[in-house]
Amino acid sequence: MPLLAHARTLMTAAALTLAALTPVWAQELVSVRNPNVNMRAGPGTNTEVLWKLAQGYPLQVLERRGNWLRVQDFEGDQGWIARSVTTNIPHHIVKGTRVNLRAGPGTQHAIVGTVNYGDVLRTTRRQGDWVQVQHPSGRGHAWIASNLVWGW
């Protein structure tokens with residue numbers, strides 16, 4: 001095998017290995033821009049509506065086709081959404097059944113509220129294993145453990 005062909009083969013193998021190891025946080029994520037947005041079975045308004053998504057709902061982009069995105073949510077459900085109804089404003093969705101919100105990034109901080117499975121939270125920043133979110137009341141911020149939410 002000529003040297004150039006061998007180098008191409010090695011580079012392709014290395015690229016595929018790196019792609020397989022890329023974590024979810026390094027993938028492209030979007031959030032739903034508008035309230036009550038349709039998730040569809042295919043890329044077009046003539047396809048079946050699978051379910052409705054709430055404003056801020058985070059989604060991982062799997063494929064682009066024209067003005068449509070094939071996406072996956074935190075439960076692994078997939079569908080299509082119009083690119084025009086998405087935004088790059090980061091949000092997280094709660095994975096735990098009932099989760100404490102805290103005044104600071106750690107369990108030593110006071111509990112300032114609770115959220116439930118499926119609640120969507122606007123992300124403001126990350127610190128270690130904690131995510132700062134806008135408090136659901138709209139007043140101030142709170143912290144939540146990153147292993148209890150999905151998004152960015």
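The structure this text deals with has already been given above.
Basis of the calculations
- Residues numbered from 1 in each chain as written.
- Predicted model: local features only at pLDDT ≥ 70, side-chain atom pairs only at ≥ 80, totals over all residues.
- Heavy atoms only, no water.
- Salt bridge = Lys/Arg side-chain N within 4 Å of Asp/Glu carboxyl O.
- Helix = DSSP H or I, 4+ residues; strand = E, 2+ residues; numbered from the N terminus.
- Buried < 20%, exposed > 50% of the residue type's maximum accessible area, 1.4 Å probe, protein only.
- Core = buried A, V, L, I, M, F, W, Y, C linked by side-chain atoms within 4.5 Å.
- Contact = heavy atoms within 4.5 Å.

**Student:** An account of the pattern of salt bridges is needed here, citing residue identities and associated values.
**Tutor:** The full count for this structure, using the stated rule, is 3 salt bridges. As a salt-bridge pair, Arg 64 and Glu 28 come within 2.4 Å of each other at their nearest N and O atoms. Linking Arg 64 in strand S4 (residues 58–65) with Glu 28 in the loop between helix H1 (3–21) and strand S1 (29–32), this pair joins segments that are 36 residues apart in sequence. Residue classification places Arg 64 among the partly exposed residues on the basis of a relative accessible area of 41%.

**Student:** Tell me what's going on with the nonpolar core, and back it up with residues and numbers.
**Tutor:** Core analysis: the largest hydrophobic core is formed by 19 residues, its most contacted members being Val 32, Leu 53, Tyr 57, Leu 59, Leu 69, Val 71 and Ile 81. Among the elements of the structure, S1, strand S2 (37–40), S4, strand S5 (68–72) and strand S6 (78–82) are those that each provide at least two residues to this core. In contact with Val 32, not counting residues within four places along its chain, are Val 37, Leu 53, Ala 54, Gln 55, Gly 56, Tyr 57, Leu 59, Ile 81, Val 85 and Thr 87.

**Student:** Provide a residue-level description of unusual backbone geometry, including the pertinent values.
**Tutor:** Even without being a glycine, Asn 36 presents a positive backbone phi close to 60°. Mapped onto the elements of the fold, Asn 36 is located in the loop between S1 and S2.

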